[in-house]
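Structural characterization, general
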Amino acid sequence: MISICYSPLYLFELLLSEFVSGLTPYEKKKYVWKMLYIYMLGYDVDFGHMEAVSLISAPKYPEKQVGYIVTSCLLNENHDFLRLAINTVRNDIIGRNETFQCLALTLVGNIGGREFAESLAPDVQKLLISSSCRPLVRKKAALCLLRLYRKNPDVVNVDGWSDRMAQLLDERDLGVLTSSMSLLVALVSNNHEAYWSCLPKCVKILERLARNQDVPQEYTYYGIPSPWLQVKTMRALQYFPTVEDPNTRRSLFEVLQRILMGTDVVKNVNKNNASHAVLFEALALVMHLDAEKEMMSQCVALLGKFIAVREPNIRYLGLENMTRMLMVTDVQDIIKRHQAQIITSLKDPDISIRRRALDLLYGMCDVSNAKDIVEELLQYLSSADFAMREELSLKAAILAEKFAPDLSWYVDVILQLIDKAGDFVSDDIWFRVVQFVTNNEDLQSYAALKAREYLDKPAIHETMVKVSAYILGEYSHLLARRPGCSPKEIFHIIHEKLPTVSTSTIPILLSTYAKILMHNQPPDQELQKQILAIFNKYESCIDAEIQQRAVEYHALSMKGAALMDILAEMPKFPERQSSLIKKAEESEADTAEQSAIKLRAQQHTSNALVLTDQRPANGTPPVSQLGLVKVPSMTNTDQSTAEQELPHLNGALTVVDPQPPSTPSPDLLGDLLGPLAIEGPSGTAPQSDLGVASGLDGGVVAGALAIAPVEEQTNTVQPIGDIAERFHALCMKDSGVLYEDPYIQIGIKAEWRAHHGRVVLFLGNKNTAPLFSVQALILPPSHLKMELSLVPETIPPRAQVQCPLEVVNLKPSRDVAVLDFLYKFGTHVVNVRLRLPAVLNKFLQPITVSPDEFFPQWRSLSGPPLKLQEVVRGVRPMPLAEMANLFNSLHLMVCPGLDPNANNLVASTTFYSESTRAMLCLIRIETDPADRTQLRMTVASGDPTLTFELKEFIKEQLVFIPVPPRAPAPAPTPVPPQALPPTSPPTAISDPGALLAGLL
Amino acid sequence: MASVLQQDVTVGARGKLALLIHFVLLISRQAKVRLTKWYSPYSQKERAKVLRELSGMILTRAPKLCNFVEWRGYKVVYKRYASLYFCMCINQDDNELEILEIIHHYVEILDRYFGSVCELDLIFNFHKAYYILEEILLAGELQESSKKSVARLIGAQDCLVEDAKEQASSIKNMIAQATK
């Protein structure tokens, strides 16, 4: 079809010129394919999208087919061009031509967005439940509906669909059933309550498949009745919390037992994979159903078998599922029996398997086996690939701290850790060990001795210099009687390292010298001279921290005895949560952080702007307690480690480049012509000439894996500040914070012009680890048209992402738009629903009217529905001036002097919406100086809805207390959608008498 | 206890919007892209990045390792057939083996359609590879697990195209075009 001899650039030119001249549909089709090919080769094809889309409306099948398929490959749901096609697509879906229906459903299923969801969902539903449609259309309709449901869950009406869904599960055609089951999984994952009736049907389907009853030959895969449908069905069952009906439960367990017991390892790879896919899903379901202990131990036994098999896939999955199994408390002891085997997997040639093993070891570690596991981790550390070292060292440090049988062992472990992988040991780790040593007197001399031993090594890591200098400065006097530990010797051995360290370490060394000087009793004149000379030298250092210390220490050491008091030992640290564990909780895996930096370097997401912010991490350095002797502030160290990381990262990046195609492979033709070796195992393919890189793959991966969640993971992320309060504040102003929790801050900045608004959401990641699966969904009320630009799925660490949101006000209404926001941090899934401050008053523009304009207008709007009057009771008492301010902040311009009565307020404003255009609104408030809790309000405008909505809106503002709330009831739970500020019922009832008076 | 349950439920809360398969890639041993299909919205730039990263990661893996790599919080299931790597990206908690067999299912159908398929078939007939994929996967989910049924549909499509061609070349049409 396309001669590959042409250079792509030539094709480019050719295509461009062809598109310019007119084309017949056939030619168009040809060129559109060529365009897709060029695109696939990696060239940025930004022309011809229009041509591809226009082919969709071609009358003949071949062109239409090409149009549909190329469009769905080239474009994604966010392309504007797609909108052009909605009508054609809809016509094809509701048309009678089955093949056209299929094409249209495929396109919508693959790239349909929200707009498609809203305009096409009813038609697609009709096709799915229609009895006259053939299975090939219905299975596509099921998946298409699934896509639309994902884009907008409201398109499926829960009440109407629960019965239909149950009916769909009676389907005999397995193709339709497979698709329907996918749809069911999505529906129950969102709301299982509505679909209880589907549960027994799922069990029936599972029984039918497991017993191989009535399954057509074409739906068996290597003799297994549709393994995919089995997996899907069990997946759906996992979304129901329990199976209550005893009969259903019994038959389900029978099936599961049969799967657990009846799956044997067979020679055929594919049969093996398929049967194990079913088996692993069954395991997950058993764990979910919290079966009897016997069945659980059966599962663990199976997994124990799996982690020892030769087949790497099964080994990987065995480890992965065993980690999940750790959640089941009863079986942990059984899992521990496999410890040796798991440790062997830590040395597996495959990094994917090593990662799983590390996760599992970390999860299963407790007091009883901590020593063994941590020592294994340490041993592995020296040979581990770079991609895993940071994670490994963090995990080892945490385990050592959490489960240390005795503290000297803990000190040993951390010092070894620093020795073996200094580059990957974050400051938190050594701060923590210093805290422990300071707080435990019996540990001090031991730690000092150990530190002294490490200093004898020829080349030691800078972090080791820091730790040992600090510890020896504090406690070396405890060693004084040992050989080689006199103050002088200690000083010399530490001072030897000074030329090799960076500026962040020098301040620590200076403090150490000062302390040594203090313990120098009886005074050794020579040592004193040397140390003073050093202070002297650094007094002119360019680094402020070093300079200050040098000057201060120098001055202090002149004071003689007073020095003893000032440089006394550091007091004990207050007990606090380990910053390490905090760190691990914050960022489930630290490699994630590293790879996130890498990601940031490579990836700038879509059209959203990514701003990065390199502020140093969490403020207070734990050791800087008393003013004088302090460890350099973390800012310095942080920066230096960041700098250290950079070259390393660059190094890793170069590995990412795919093998340059410049080396012509001798068997290129063999590659092209050789059959894809379906029957044989994949390993038998011609020896890879890329195999040499096996050692490199580690550097490349650095996938953001999460440590297996060992602690209970509940959605306990608490918002900071009161969400409702923030919302009300934002109703009055145009920028501020909408939501904040420990991980994310959502800020808002809005501009309003007539009935248009442009709101920018600022999503700021507060952490040093990326936020994943970020999803923002706008649930607009019917009167607002809102369009949110693409929100990137991942927010890099400490980055802020801006997402513009366009708002158009169609008609007056007080309904509130809701932002459904979801992200994942580590294992926390946080989902909040936030009201967006796109409220009625944003579409108001204050306007001053003169008496000449006001009175004719006021009189011409003579009564309901254009002019409404109401007596409002229960008003928050406020002076008239405050009320005037409130009105002004709501964009209702108070016009003084229009009403002769000083107790009355008159305000005017212009309201903008698409239906009303600019509309003048007039408001009059009559207050009673004797009773400030009630007032009479009259609102008039040229539009009845507007009058009513504005009146209710103002009433809400007067009755409800916007800022500050009297009783700030914190709302940790998501704000329910449409939760309008409550109007207290008594005031909502308008006084009939007053109404009558108004009419008269 | 019951934490497994809770975890599954929270994962489910995310899963409702997440696809089973985020994208499908066919990459040759020389890092040439032979087919891409994206079920999640990725911009052009992101697509290029994904391709670069994954081909760097997967092509360098030694043989006889497992078929899964962990990448950016997702999993990529891949399988090598001669010179071609078939890759599919899924969520962390999805069933990996199921996806691995979807890959094989696809390859078997390609093999049956082309008759001992090779990379060159997929270069010259890459559009066919797309047609077939469209019948197997939709919305990132498995659509049809019967090879026969897929073969039937693809056969019917081919007939439709052939018919249209014949029609276009028939004399009647020529005249119609000439008089246009």
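An unreviewed UniProt entry lists chain B under the name AP complex subunit sigma, from Sesamum angolense. Per UniProt, chain B has the following entry under Function (unreviewed entry): "Subunit of clathrin-associated adaptor protein complex 1 that plays a role in protein sorting at the trans-Golgi network and early endosomes (TGN/EE). The AP complexes mediate the recruitment of clathrin to membranes and the recognition of sorting signals within the cytosolic tails of transmembrane cargo molecules." As its UniProt record puts it under Subunit (unreviewed entry), chain B is described as follows: "Adaptor protein complex 1 (AP-1) is a heterotetramer composed of two large adaptins (gamma-type subunit and beta-type subunit), a medium adaptin (mu-type subunit) and a small adaptin (sigma-type subunit)."

Where an unreviewed UniProt entry is consulted, chain A appears under the name AP-2 complex subunit alpha, with the organism given as Sesamum angolense. The UniProt entry for chain A carries the following text under Subcellular location (unreviewed entry): "Membrane, Coated pit".

Let's talk about the pattern of salt bridges
Two side chains with opposite charge may pair up if their charged atoms get near one another. Under the defined criterion, the tally for this structure stands at 61 salt bridges over all chains. A salt bridge links glutamate 320 of chain A to arginine 324 of chain A; its shortest N-O distance comes to 3.5 Å. One end of the pair, glutamate 320 of chain A, and the other, arginine 324 of chain A, are both in helix α16 (residues 312-325), four residues apart, so they sit about a helical turn from each other. Given the relative accessible area of 7%, glutamate 320 of chain A is considered buried. Several salt bridges converge on common partners, so that one network encompasses Arg356, Asp359, Glu391 and Lys395 of chain A together with Glu70 of chain B.

A closer look at the packing of aromatic side chains
What the rule picks out here adds up to 27 aromatic pairs over all chains. Aromatic pair phenylalanine 23 of chain B and tryptophan 71 of chain B: ring centres 6.1 Å apart, planes at 80°, arrangement edge-to-face. Residue phenylalanine 23 of chain B is found in strand β1 (residues 21-28), and its partner tryptophan 71 of chain B is found in strand β3 (residues 68-71); the two are separated by 48 residues along the sequence. Of the two residues, phenylalanine 23 of chain B and tryptophan 71 of chain B, neither departs from the other in class, the shared state being buried. In this structure an aromatic cluster arises from ring pairing among Trp33 and Tyr37 of chain A together with Phe126, Tyr130 and Tyr131 of chain B. Its end group placed over the ring of phenylalanine 100 of chain A, lysine 64 of chain A keeps NZ or CZ at 4.8 Å from the ring centre. Its end group placed over the ring of tyrosine 362 of chain A, lysine 395 of chain A keeps NZ or CZ at 5.2 Å from the ring centre.

Examining the sheet that holds strand β4 (residues 74-81) of chain B
All names here are of chain B. What the five strands build is an open sheet, ordered β2-β1-β5-β4-β3; its pairing is antiparallel. The two strands at the open ends of the sheet, each matched to only one other strand, are β2 (33-38) and β3. Neighbour-to-neighbour, the strand axes of the sheet open up by a mean angle of 20°, direction not taken into account. By the bridge criterion, four bridges tie β3 to β4 in an arrangement that is antiparallel. By the bridge assignment for β4, glutamate 70 is matched with lysine 75.

Structural notes on the sheet that holds strand β11 (residues 828-835) of chain A
All names here are of chain A. Pairing within the open sheet is antiparallel, and its three strands lie in the order β7-β10-β11. If you trace the sheet from one side to the other, it starts and ends with β7 (772-779) and β11, each paired once. Sheet twist, expressed as the mean angle between neighbouring strand axes with direction ignored, is 10°. Across six bridges, the pairing between β7 and strand β10 (residues 818-825) is antiparallel. Counterpart to alanine 776 in the pairing with β10 is phenylalanine 821.

Overview of helix α28 (residues 525-538) of chain A
All names here are of chain A. The first and last C-alpha atoms of α28 sit 20 Å apart over 14 residues, in line with the 20 Å expected at 1.5 Å per residue. All of the buried residues along α28 are Leu527, Ile531, Leu532, Ile534, Phe535 and Tyr538. In an axial view of α28, the angular spread of the buried residues amounts to 155°, which keeps them on one side of the axis. Residues of α28 that are exposed and point more than 90 degrees away from the buried face comprise Gln525, Lys529 and Lys537. The inward-facing, buried residues of α28 contact α26 (487-495), α27 (506-519) and α29 (544-557).

Structural notes on the packing of helix α22 (residues 407-421) of chain A against helix α23 (residues 427-439) of chain A
The relative placement of two packed helices is expressed as an angle between their axes plus a distance between the axes. Residues and elements named next belong to chain A. The geometry of α22 relative to α23 is characterised by a closest axis approach of 11 Å and an angle of 155° between their N-to-C directions. By the angle between their directions, the pair α22 and α23 is classed as roughly antiparallel. Relative to α23, α22 is oriented so that their crossing is left-handed. Counting all contacts with α22, which are made through Leu407, Tyr410, Val411, Ile414 and Ile418, the residues of α23 involved are Ile429, Trp430, Arg432, Val433, Phe436 and Val437. Its residues assigned to classes, the contact of α22 with α23 comprises ten nonpolar, no polar and one charged.

Description of the side chain of glutamate 545 of chain A
Residue and element names in this part refer to chain A. With respect to the secondary-structure elements, glutamate 545 resides in helix α29. Taking the relative accessible area as the measure of exposure, glutamate 545 reaches 14% and is therefore buried. Polar side-chain contacts of glutamate 545 include one of 2.9 Å to the side chain of arginine 549.

So, the packing of helix α19 (residues 351-364) of chain A against helix α21 (residues 386-403) of chain A
All names here are of chain A. Here α19 crosses α21 at 10°, and the two axes come no closer than 11 Å. With respect to each other, α19 and α21 are oriented roughly parallel. Residues Ile351, Arg354, Arg355, Leu358, Asp359 and Tyr362 of α19 pack against Ala387, Met388, Glu391, Leu392, Lys395, Ile398 and Leu399 of α21. Grouping the amino acids of the contact of α19 with α21 by side-chain chemistry returns eight nonpolar, no polar and five charged.

Quick word on helix α20 (residues 370-381) of chain A
Along its twelve residues, α20 of chain A runs 16 Å from first to last C-alpha, staying within 8% of the 16 Å computed at 1.5 Å per residue. Those residues of α20 of chain A that are buried are in contact with α18 (339-345), α19, α21 and α22 of chain A.

Focus on the pairing of strand β5 (residues 744-753) of chain A
All names here are of chain A. Relative to β5, strand β4 (residues 735-740) runs antiparallel, the two being bridged by five bridges. If you follow valine 737 over to β5, its bridge partner there is glycine 747. Between the end of β4 and the start of β5, which pair antiparallel, lie three residues. Both β5 and strand β6 (residues 756-765) contribute to a ladder of ten bridges, which runs antiparallel. Looking across to β6, one finds that tryptophan 752 is bridged to glycine 757. In textbook terms, the turn of a hairpin is the stretch between consecutive antiparallel strands, and for β5 and β6 this stretch comprises two residues, one of which, alanine 754, has a positive phi near 50°.

Analysis parameters
- The written sequence of each chain sets the order in which its residues are numbered from 1.
- Throughout, the order in which chains and ligands are written sets their labels, letters from A for the former and numbers from 1 for the latter.
- A pLDDT threshold of at least 70 governs which residues receive local features in this predicted model, and a stricter bar of 80 or more applies before side-chain atom pairs are shown or counted, although totals over entire chains, interfaces and linings include all residues.
- Computation of side-chain values covers all heavy atoms of the structure but excludes hydrogens and water.
- UniProt positions are given in the numbering used here, feature names are shortened, and annotations may be inferred rather than shown by experiment.
- One speaks of a salt bridge when a side-chain nitrogen belonging to Lys or Arg is within 4 Å of a carboxyl oxygen belonging to Asp or Glu.
- The helix count covers DSSP runs of H or I at least four residues long, the strand count covers runs of E at least two residues long, and both are numbered beginning at the N terminus.
- Exposure categories follow from relative accessible area, calculated using a 1.4 Å probe and restricted to protein chains: below 20% of the type maximum is buried, above 50% is exposed, and the middle band is partly exposed.
- We call Phe, Tyr and Trp rings a pair once their centres come within 6.5 Å, taking the six-membered ring for Trp, and we label the pair stacked below 30 degrees between planes, edge-to-face above 60, and tilted otherwise.
- When the NZ atom of lysine or the CZ atom of arginine is within 6 Å of a ring's centre and also within 35 degrees of its normal, the charge is said to sit over that ring.
- Strand pairing follows a simple DSSP-based rule, namely that at least 2 bridges must link the two strands.
- Orientation is described by axes fitted as lines to C-alpha atoms, over the contacting stretch for helices, and by angles from 0 to 180 degrees between their N-to-C directions.
- Multiply 1.5 Å by the residue count of a helix minus one, and that product is the helix's expected span.
- The arc refers to the directions leading from the helix axis to the C-beta atoms.
- Here a residue-residue contact requires only that any non-hydrogen atoms of the pair lie within 4.5 Å.
- Convention used here: angles under 35 degrees read as roughly parallel, angles over 145 as roughly antiparallel, angles from 65 to 115 as roughly perpendicular, and any remaining angle as oblique.
- Crossings are classed by handedness, with left-handed meaning an anticlockwise turn of the near helix from the far one by less than a right angle and right-handed meaning a clockwise turn.
- Gly falls in the polar group here, along with every residue not listed as nonpolar (Ala, Val, Leu, Ile, Met, Phe, Trp, Tyr, Cys, Pro) or charged (Asp, Glu, Lys, Arg).
- Throughout this description, a polar contact denotes any pair of N or O atoms lying within 3.5 Å of each other; where both atoms belong to protein, one of them has to be capable of donating a hydrogen while the other can accept it, and for residues adjacent in sequence the pair is counted only when both atoms sit in side chains.

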